[in-house]
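# Structure at a glance
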Protein chains: 2
Amino acid sequence: MFKVIRIEESLFEENDKIAKEVKDTLRKRKILSFNIMGSPGSGKTLFIERTVENLKDKFNFGIIEGDIEGTLDTERFKRFNIPTIQINTGGGCHLDANMIKKAISEINLNHIDVLFIENVGNLVCPAEFDIGTEKNVIIFSITEGNDKVIKYPLIFSVSDICVINKIDLLPYIEFDFENFEKNLRKVSSKIKIIKLSSKTGQNFEKWIEYLKELKKKEF
Amino acid sequence: MFKVIRIEESLFEENDKIAKEVKDTLRKRKILSFNIMGSPGSGKTLFIERTVENLKDKFNFGIIEGDIEGTLDTERFKRFNIPTIQINTGGGCHLDANMIKKAISEINLNHIDVLFIENVGNLVCPAEFDIGTEKNVIIFSITEGNDKVIKYPLIFSVSDICVINKIDLLPYIEFDFENFEKNLRKVSSKIKIIKLSSKTGQNFEKWIEYLKELKKKEF
């Protein structure tokens, strides 16, 4: 009853090689880069929007927006007047390093301090492709249910930061933080966990402080 | 800035051939089969559970449970004491027709009236693979946001039924049904839309009545 579908190893090797190039390019310019992953509707776009709103006077941001099709999210970013590149995967379920390599060749990187890359909404495929960012972030909404780390362990295990989003809905949803964190620690002992609501702003300052620390520490 | 990742056409052709075999096998036995798709946490498992609870005295059910790994959902079905097969894709982001062909060879189909196949939680990949079911169902939670039909049109366009789930959360979430349905009708004019809450049971009887009708009409 088991079947494993594997993309050829060579494809991953080629991807990892390009991911390393991307990482080198970004590091050389002291750009702090985030790969924002999560289910459809987990709140990835709003998380980036609120971060930019909070810090736009302190840092110069760039955004690479990954979607199957359309430019809905890119339009949401227009009001910030910051460099934004739309990648449409045309059916592809994730971004890969080559797409990011091309995207960053179209932005003037000299004017960017922090780069957000919003991946395709998906808990499976994006986990398998390193795209060369400094930090992988999984945005998880409490509406998705307690069992998701057990069902989709890879994406949590490759993430440096887990944002537990939509905590404003806690009064109306059963969610067991203790159990969720216990399972999360099993797949990633070092993952940074931040609980917040991008919608109401509750606890959002914790993320903002953490981002500022990262920027100070690493660059 | 565009890149299209395509799985080879031959792979789809082969899949469609096997899907047809699966469909013929199920039809011959008058089994009404559903491919239950949706994002992680949209409520697919609870939807199936509540349906079985409602109709277990009327129909004999079978369940095929697709997950990346683990048997969490299959264990939730144990209490019903009905034939349940777990497929673990080992990283694969969707079920395919061949997995279902193998799974149904392990169930005694003579005793099944209604077969639920729960696909991997994902709005992208499952849409591309026909698995031979009579009806494709997309379970969509209002917590996922209004823009999802525009961002993931394929999965909605291949679905026969759209269950808009978690309507019990309506007082706490901004969700514009009219706008959502307008976009949905654009990608699929004939799709059957049912709004309900699998958790509270609100409107669930509408789905139950519809299932009974389908069973009468088609088989």
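The structure under discussion appears in the preceding block.
A brief look at the structure comes next. (Residues numbered from 1 in each chain as written. Chains lettered and ligands numbered in written order. Predicted model: local features only at pLDDT ≥ 70, side-chain atom pairs only at ≥ 80, totals over all residues. Heavy atoms only, no water.)

## Some details on the sheet that holds strand β2 (residues 61–67) of chain A
All names here are of chain A. The sheet built from seven strands is open, its strands ordered β3-β2-β4-β1-β5-β6-β7 with parallel pairing. Because the sheet does not close on itself, it has two edges, and the strands there are β3 (84–88) and β7 (192–195). Within the sheet, the average angular offset between the axes of one strand and its neighbour, ignoring direction, is 20 degrees. Two elements, strand β5 (residues 135–141) and strand β6 (residues 161–165), share five bridges in a ladder whose sense is parallel. (Pairing = 2+ DSSP bridges. Helix = DSSP H or I, 4+ residues; strand = E, 2+ residues; numbered from the N terminus. Axes fitted to C-alpha atoms, helices over the stretch in contact; angles between N-to-C directions.)

## A short note on the packing of helix α2 (residues 44–55) of chain B against helix α8 (residues 204–218) of chain B
Residue and element names in this part refer to chain B. The N-to-C vectors of α2 and α8 enclose an angle of 70 degrees; their axes lie 11 Å apart at closest approach. Viewed along their axes, α2 and α8 adopt a mutual orientation that is roughly perpendicular. Both α2 and α8 take part in a crossing whose hand is right-handed. Residues Phe 47, Arg 50, Thr 51, Asn 54 and Leu 55 of α2 pack against Phe 204, Trp 207, Ile 208, Leu 211 and Lys 212 of α8. Of the residues that constitute the contact of α2 with α8, the class distribution is six nonpolar, two polar and two charged. (Parallel < 35°, antiparallel > 145°, perpendicular 65-115°, else oblique. Left-handed = near helix turned anticlockwise from the far one by under 90°. Contact = heavy atoms within 4.5 Å. Nonpolar A, V, L, I, M, F, W, Y, C, P; charged D, E, K, R; others polar.)

## Side note on the relation of the copies chain A and chain B
In screw terms, the move from chain A to chain B is a rotation of 180 degrees and a rise of 0.0 Å along the axis, fitting with an RMSD of 0.0 Å. Such a combination of rotation and displacement between the chain copies is what one expects of a two-fold axis. Closest approach to the rotation axis among the C-alpha atoms of chain A is made by A:Asn122, whose C-alpha sits 3.0 Å away. The overlap is high: 100% of the interface residues of chain A also sit at the interface in chain B, so the same surface is used on both sides. (Least-squares fit on C-alpha atoms with pLDDT ≥ 70 in both.)

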